[in-house]
Amino acid sequence: MLKFLIVLFMVMLVGSLVSGAYFLMIDQGDKTKRRTLNSLGVRLGLAIGLMSLIIFGVATGQLGHRNPWDSGPQGAASSVPATDQ
């Protein structure tokens, strides 16, 4: 469910970016229209929401990595040589 929400936020971010570019081209610097600025505000809110979702997912363990080269921290028992004196 969390991964679906992250993908949804990313799609909405791209949509907001496209709409901002469209408004920028259509308005042509008209100072009375604030659609480009509103699109930027929406995009900023979506980006903050996306970052919050990712941080929440990592903090709760729902998101992680499965890199084959990163097996995690080495155990303390295996890295300490046994010395019996």
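Each remark here, short or long, concerns the structure printed above.
Conventions we followed
Residues numbered from 1 in each chain as written. Predicted model: local features only at pLDDT ≥ 70, side-chain atom pairs only at ≥ 80, totals over all residues. Heavy atoms only, no water. Helix = DSSP H or I, 4+ residues; strand = E, 2+ residues; numbered from the N terminus. Buried < 20%, exposed > 50% of the residue type's maximum accessible area, 1.4 Å probe, protein only. Contact = heavy atoms within 4.5 Å. Areas by Shrake-Rupley, 256 points an atom, 1.4 Å probe, with all protein chains shown as cover. Axes fitted to C-alpha atoms, helices over the stretch in contact; angles between N-to-C directions. Parallel < 35°, antiparallel > 145°, perpendicular 65-115°, else oblique. Left-handed = near helix turned anticlockwise from the far one by under 90°. Nonpolar A, V, L, I, M, F, W, Y, C, P; charged D, E, K, R; others polar. Expected span 1.5 Å × (residues − 1). Salt bridge = Lys/Arg side-chain N within 4 Å of Asp/Glu carboxyl O.

Colleague: Explanation requested: the overall build of the protein chain in the structure shown.
Modeller: Within the protein chain, the secondary structure is distributed over 3 helices and 0 strands. Seen in sequence order, the protein chain has helices and strands lined up from the N terminus as α-α-α. Taken across its 85 residues, the protein chain has 18% of its residues classed as buried. Taking all contacts inside the protein chain whose residues are at least 6 apart in sequence as the whole, residues at least 24 apart take part in 62%. Here the protein chain displays about 7100 Å² of accessible surface, and carbon together with sulfur accounts for 68% of that area.

Colleague: I'm lost on the packing of helix H1 (residues 2–27) against helix H2 (residues 35–60) in this one. Help?
Modeller: Pairs of packed helices are described in terms of their axes, by the angle between the two and the distance that separates them. Closest axis-to-axis distance for the H1/H2 pair is 9 Å, and the angle between their directions is 165°. Here H2 runs roughly antiparallel to H1, going by the angle between their axes. Note that H1 runs across H2; the crossing there is left-handed. Each residue belonging to the contact of H1 with H2 can be placed in one class, and the counts come to 18 nonpolar, 7 polar and 3 charged.

Colleague: It is not clear to me how H1 should be interpreted in this structure. Could you clarify?
Modeller: One turn of an α-helix holds 3.6 residues; hence residues three or four places apart share an orientation. Look at H1: 37 Å from first C-alpha to last across 26 residues, which is about the 38 Å you get at 1.5 Å a residue. Within the sequence span of H1, burial applies to Leu 2, Ile 6, Phe 9, Leu 13, Ser 16, Gly 20, Phe 23 and Asp 27. Among the structural elements, H2 are those in contact with the buried residues of H1. Gln 28 occupies a position one or two residues after H1 and carries a positive phi of about 50°.

Colleague: Would you mind showing me how to read the pattern of salt bridges here?
Modeller: Any two side chains of opposite charge can pair, given that their charged atoms come close. For the coordinates displayed, the defined rule picks out 1 salt bridge. Of the charged contacts, one joins Arg 35 and Asp 27 as a salt bridge, the two residues approaching to 2.6 Å between their closest N and O atoms. Here Arg 35 falls in the partly exposed class, since its relative accessible area comes to 33%.

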